[in-house]
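Examination of the molecular architecture
Each chain, letter by letter, is given below.
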Amino acid sequence: MSVGELSVPTPHAEPGAERALDVRDLRMRYGTVDVLRGVTFHAERGEVLALLGPNGAGKTTTIEILEGFRMRSAGEVSVLGSDPAKGDESWRARIGVVLQSWRDHSKWRVRELLQHLGTYYEPYGTPWDIDELVAAVGLTEHAHKKASRLSGGQRRRLDVAIGIVGRPRLLFLDEPTAGFDPHARREFHDLVHRLSDLDDTTILLTTHDLDEAEKLADRILVLAGGTIIADGSADALSRRMATEAEVRWSRDGERFVHPTRDATGFVRQLFAQYGEEIADLEVRRASLEDTYLALVRDFEAGDQEAAARSFEERNR
Amino acid sequence: MNPTAAAIRAGITRGRIELRQTFTNFQDLWGYLFPTVALLVVMTLMRGSTIPGTEFSRGTMTLPSVLGVSVAFGSLINLAQILTIEREDGTLLRAKAVPGGMLGYLVGKIVMISGTVLVNVAIVLIPGAFLFDGLDLGDAGAWLTLLWVLVLGLVATMPIGAIIGSLFPNARNLGAVMLPIMGLVAISGIFYPITGFPAWLQWIAQVFPIYWLGLGMRSALLPDGMQAVEIGESWRYWETAGVLGVWAVIGLVVAPMVLRRMARRESGSSVAARREKALQRIA
């Protein structure tokens, strides 16, 4: 495997005037417990990043520090060019936060709540047209319903609408599609694509749905044990892990399956040996899920050094 | 538009919307009406008995005192309760995620609480005017006194509610403050002239705003002859304004600090943790 293929712009290259997010050596300690032990990553304008990691890895802590809701212990953090710990209201106006809702604003009607929250953004720019926004999250039919009468998925879509009503430059999505049915999920993915492609919104999302991460994210970050153990596209990650691929073929009407770490070499050999007898060839790369599980397993098996080493290699 | 002005305006809208919501909600309406009806019944039953040493009906004397208590309750307890509930359910966190949202939220609460207190005063006062004789309602001075006592009372008690609401982790723990407040109501001369109590109890009552709210309302609505059963046989306007004013100033200095500290600690995970706890309790 070539390390060169994986190289992304190094986070230490230049101070990010252009960058939507720039996090360097972020540390967080609660009492004597280190939750974050030096998290470093960045996001360019318009990029969609997915932050993955096991429960308790520090995803929420990281996002809350970036949102300005939590003070960090150490490290440099720049969010849209400002330190979130000192972000003022005009900075706040450019940030969108999709919160996990519970039962807040239960007496408010969908349209009424969005209209009201939109007015707070008026001094800073032009918030969404409310009817357009309601339509964009697929709540037109429910625009005059009370929030307490919405289903779980509808409520979640209202959360998303609240997060983007001020047309943020940077959007934080913490498990956005938990509780969505497949149809709502697809529509939500379209909305995310629309936000990032048309409006050039930078998006940082956390999810446990790896399929979703693969579909939405330009880049995937894996956070485990308080550090980023992987950073790259889904494709680059699976190549980096060199997880086993599956080669399937048939010969003389008989079907074969062979797992291998070196699919190219294996297929070359296969053709050299049997030539034209080979039919129905299929090579299946490991899915992001396989890769992710392998990464976390390696990491948790105490392979922290190896994980850290390959991370450094990548950044060289 | 200036962002601060925009946030204040949004807050006023917010308060108006929430007032409409609370007055079109059966459960909330019941919460406002039930205590009022109960108090009116109690006061009507007291109509026959007189204040010792006078010919004056205890029912009539109690009505303005009850108005004072309902101002204190309506602003202090309600605000404390709403703050703890809305912190728990994430309303406050949403306000924090919006530019100028905390200011708007606070202005909204002030509008909403003031509105409900006004309505509460009206639904006691209006039927009371027909049920009880001897209230001094024809006089502009009475209404003026009522107004300043009401406004000053709100300013004195709302910050206390905000402080209590910020310090208590959840609405269920608020019961702990209800008890002492009920105790204060009992010794504040609401249902019985305070001059009948031992002096040390009178002193305790006079430290807190509930007594002064009751006195202020009595001074507005009762004939001047009724001063005879008050401490110092006087309505003590200056003292009323003074004590309520001191509470207001202390509150307005301390409450923003406590509110800011509370708001700073709010985050998605703190809301999630409380939700988890609340759901466990249900299960």
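Throughout what follows, the structure given in this document is the object of discussion. (Residues numbered from 1 in each chain as written. Chains lettered and ligands numbered in written order. Predicted model: local features only at pLDDT ≥ 70, side-chain atom pairs only at ≥ 80, totals over all residues. Heavy atoms only, no water.)

**Things to note about the overall build of chain A**
- A count of helices and strands for chain A gives eleven helices and twelve strands.
- Put simply, chain A has 316 residues, and 52% of those count as buried.
- Within chain A, counting contacts between residues at least 6 apart in sequence, those at least 24 apart form 67% of the total.
- Accessible surface computed for chain A: about 14,700 Å², of which carbon and sulfur atoms make up 45%. (Helix = DSSP H or I, 4+ residues; strand = E, 2+ residues; numbered from the N terminus. Buried < 20%, exposed > 50% of the residue type's maximum accessible area, 1.4 Å probe, protein only. Contact = heavy atoms within 4.5 Å. Areas by Shrake-Rupley, 256 points an atom, 1.4 Å probe, with all protein chains shown as cover.)

**Focus: the sheet that holds strand β12 (residues 278–284) of chain A**
Residue and element names in this part refer to chain A.
- Spatial strand order, β11-β10-β12: three strands in an open sheet with antiparallel pairing. Strand pairing shows two members of the sheet lacking a second neighbour, β11 (254–260) and β12, which therefore form its edges. Averaged over neighbouring strand pairs, the angle between their axes works out to 15° when direction is ignored.
- Pairing geometry for strand β10 (residues 245–251) and β12, over five bridges, is antiparallel. When the bridges of β12 are listed, Arg251 appears paired with Ile278.
- Running over the sheet, helix α9 (residues 263–274) touches β10, β11 and β12 and is turned about 175° from β12. (Pairing = 2+ DSSP bridges. Axes fitted to C-alpha atoms, helices over the stretch in contact; angles between N-to-C directions.)

**As for a positive patch on the surface**
- A cluster of basic side chains, namely Arg260, Arg261, Arg264 and Arg265 of chain B, defines a positive patch on the protein surface.
- Positionally, Arg265 of chain B belongs in the loop between α10 (237–264) and α11 (268–282). (Patch = residues over 30% accessible without salt bridge, like charges linked within 9 Å, V, L, I, M, F, W, Y side chains within 5 Å. Salt bridge = Lys/Arg side-chain N within 4 Å of Asp/Glu carboxyl O. Lys, Arg positive; Asp, Glu negative; His and termini not counted. Charge placed at Lys NZ, Arg CZ, Asp CG, Glu CD.)

**Considerations on the layout of surface pockets**
- The computed volume of the largest pocket comes to approximately 1,500 Å³.
- If you trace the largest pocket, you find 44 residues lining it, with Asp28, Tyr32, Asn78, Gln81 and Ile82 of chain B closest to the centre.
- At the level of secondary structure, the elements contributing two or more residues to the lining of the largest pocket comprise α1 (3–23), α2 (26–45), α3 (58–88), α5 (101–131) and α7 (175–187) of chain B.
- For the lining of the largest pocket, the element with the most residues is α3 of chain B, which contributes twelve residues.
- Of the voids in this model, the second largest pocket is the one considered here, and its volume is about 790 Å³.
- Surrounding the second largest pocket, 34 residues form its lining, Glu89 of chain A together with Lys96, Met102, Ala263 and Arg264 of chain B being those nearest its centre. (1 Å grid on protein atoms, 1.4 Å probe; cavity = no way out; pocket = protein on both sides within 12 Å on 5 of 7 lines; lining within 4 Å. Points joined across faces, edges and corners; volume = space filled by probe spheres on them.)

**Looking at the packing of aromatic side chains**
Residue and element names in this part refer to chain A.
- Overall, the coordinates contain six aromatic pairs over all chains when judged by the stated rule.
- Between Trp249 and Phe256, the aromatic rings sit 5.3 Å apart at their centres with planes inclined by 15°, giving stacked as the arrangement.
- Looking at Phe256, the relative accessible area reads 24%, which means it is partly exposed.
- Every member of this aromatic cluster is reached through a ring pair, and the members are Trp249, Phe256 and Phe266. (Phe/Tyr/Trp six-rings, centres within 6.5 Å; stacked < 30°, edge-to-face > 60°.)

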